[in-house]
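Below, each chain spelled out in residue letters.
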Amino acid sequence: MAAVRAVFFGSGAFALEVLEAAAAAPELELVAVVTAPPRPVGRRGVLTPTPVGERARALDLPILAPERLRDPAFLRALEALRPDVGVLADYGKLLPAAVLELPVHGIVNLHPSLLPRHRGATPIPAAILAGDHETGVSLFRMDAGMDTGPLVAAVTVPIAPTEDAPGLERRLARAAGELLGSSVGPYLAGRLTPRAQPDTGASVTRPLGREDGHLDSRIPAALLERRVRAYRPWPGTYLEIAGGRVGVLRAAMAPTLPGDTAGTIVAHGAGLALATATGRLVLLEVQPAGGRPMEGPAFRRGRPSLLGARVG
């Protein structure tokens, strides 16, 4: 089949593999990339393009970076491109009806979960936090809802027991690129018919805030350990102890020992652990406020008074 005119929507790092796959697909002629505008980064506020914006420039693709998707100037520019299909991954904004309805083949989204589970903004942390043994990537045709459109194809990806969010995101991004490459041709040719998502098993995730990273000792250690892995790099996880906030970068779970009091810092081998309602959260790597990351035993040697201290 002849290549059809396609517009790509994406901003974050997860979308890079999908953009590369779209650019390489013989069925697609990428006529533009839509991404978020450059934002100030760092103390100097240097305007920095999105990861997708940088990659699109390297691929010599036209870039549109609207502040508002309902901006009449943007809608006119998009309509002038005469797109036959849209491809979206990690864009970060809901598309208005005027955009969704423009391409004759609609806009397909690569979402990093097995829909309808973990719809919404944070499906990768949600899968780790829930203790899921597997997740995946869903290719679906977008509608006006939050990840509710009909499914075109999906691929399953197992979750390793100690996997964190950045590692899982990298593997899901590769799977997303491969899924687009294998599915976009059959979809455009009508050999893959979108089917409605199941009525059962749906869940919706939400954006994460800094307060989500607080490690509360009333929660079992198994869940806190998953939280440490799920919330890297944002919002990160931390303990409130005497002397200030301590970031917890890596942790493990261990059984409760006699004498443990939930909410206190206890010795664990040469290092430290947080005694919780059920089990110990072993502090493998931490970062004191204003300091550098360090292994748990080094942190203990520098702060021997922490043994027995209560967390906030």
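Up top is the structure these notes are about.
Residues numbered from 1 in each chain as written. Predicted model: local features only at pLDDT ≥ 70, side-chain atom pairs only at ≥ 80, totals over all residues. Heavy atoms only, no water.

Draft legend 1. Just the overall build of the chain, in detail. When helices and strands are tallied, the chain shows 8 helices and 17 strands. Counting the 312 residues in the chain, one finds 50% classified as buried. Pairs at least 24 residues apart make up 65% of the contacts formed inside the chain by residues separated by at least 6 positions. Just so you have it, the chain exposes about 14800 Å², and 55% of that area is on carbon and sulfur atoms. Charge separation in the chain, taken as the distance between the mean sites of 34 positive and 29 negative side-chain charges, equals 7 Å. (Helix = DSSP H or I, 4+ residues; strand = E, 2+ residues; numbered from the N terminus. Buried < 20%, exposed > 50% of the residue type's maximum accessible area, 1.4 Å probe, protein only. Contact = heavy atoms within 4.5 Å. Areas by Shrake-Rupley, 256 points an atom, 1.4 Å probe, with all protein chains shown as cover. Lys, Arg positive; Asp, Glu negative; His and termini not counted. Charge placed at Lys NZ, Arg CZ, Asp CG, Glu CD.)

Draft legend 2. Expanded view of the sheet that holds strand β9 (residues 134-141). Pairing in this open sheet of 7 strands is mixed, and the strands run β5-β2-β1-β6-β7-β9-β10 from one edge to the other. If you trace the sheet from one side to the other, it starts and ends with β5 (63-64) and β10 (151-158), each paired once. Pairing of strand β2 (residues 28-34) with β5, which is carried by 2 bridges, proceeds in the parallel orientation. By the bridge assignment, Val34 is partnered in β5 with Leu64. (Pairing = 2+ DSSP bridges.)

Draft legend 3. Representation of the packing of aromatic side chains. Using the criterion set out here, one finds 1 aromatic pair in the structure. Between Phe9 and Tyr91, the aromatic rings sit 6.0 Å apart at their centres with planes inclined by 80°, giving edge-to-face as the arrangement. In this pair, Phe9 sits in strand β1 (residues 4-10) while Tyr91 sits in the loop between β6 (85-89) and α4 (97-100), placing the two residues 82 residues apart along the sequence. What makes Phe9 buried here is its relative accessible area of 2%. Sitting over the face of the ring of Tyr238, Arg245 holds its NZ or CZ atom 3.8 Å from the ring centroid. (Phe/Tyr/Trp six-rings, centres within 6.5 Å; stacked < 30°, edge-to-face > 60°. Lys NZ or Arg CZ within 6 Å of the ring centre and 35° of its normal.)

Draft legend 4. Representation of the nonpolar core within the structure. Grouped together as the largest cluster of nonpolar side chains are 45 residues, with contacts concentrated most on Phe8, Val18, Leu28, Val87, Leu110 and Leu180. Among the elements that line this core, the one with the most residues is helix α6 (residues 165-188), at 11 residues. The residues touching Phe8, leaving out its near neighbours within four places in the chain, are Ala15, Val18, Leu19, Ala22, Leu30, Ala32, Val33, Val34, Val52, Val87 and Ala89. Residues Val228, Ile241, Leu272 and Val286 belong to the second largest nonpolar core, which totals 20 residues. (Core = buried A, V, L, I, M, F, W, Y, C linked by side-chain atoms within 4.5 Å.)

Draft legend 5. Inspection of helix α3 (residues 72-80) at higher detail. N-cap assignment for α3: the residue whose side-chain oxygen lies 2.8 Å from the backbone N of Ala73 is Asp71. Two residues or fewer after α3 comes Arg82, characterised by a positive phi angle close to 55°. (Polar contact = N/O pair within 3.5 Å; in protein donor to acceptor, adjacent residues only side chain to side chain.)

Draft legend 6. Fine view of helix α7 (residues 221-230). Within α7, 7 of the 10 residues are buried, which leaves it mostly tucked inside the rest of the structure. For α7, the elements touching its buried residues are α5 (123-129), α6, β12 (237-241), β13 (244-254), β15 (271-275) and β16 (280-288).

Draft legend 7. Quick peek at the pattern of salt bridges. Enumeration according to the criterion identifies 12 salt bridges in this entry. Between Glu285 and Arg250 there is a salt bridge whose closest N-O contact spans 2.9 Å. With Glu285 in strand β16 and Arg250 in strand β13, this pair connects stretches of sequence that are 35 residues apart. A residue is classified by how much of its surface remains accessible, and Glu285, at 17% relative accessible area, is buried. The class for Arg250 is partly exposed, based on a relative accessible area of 31%. Each of Arg250, Glu285 and Glu295 takes part in one network of salt bridges that share partners. (Salt bridge = Lys/Arg side-chain N within 4 Å of Asp/Glu carboxyl O.)

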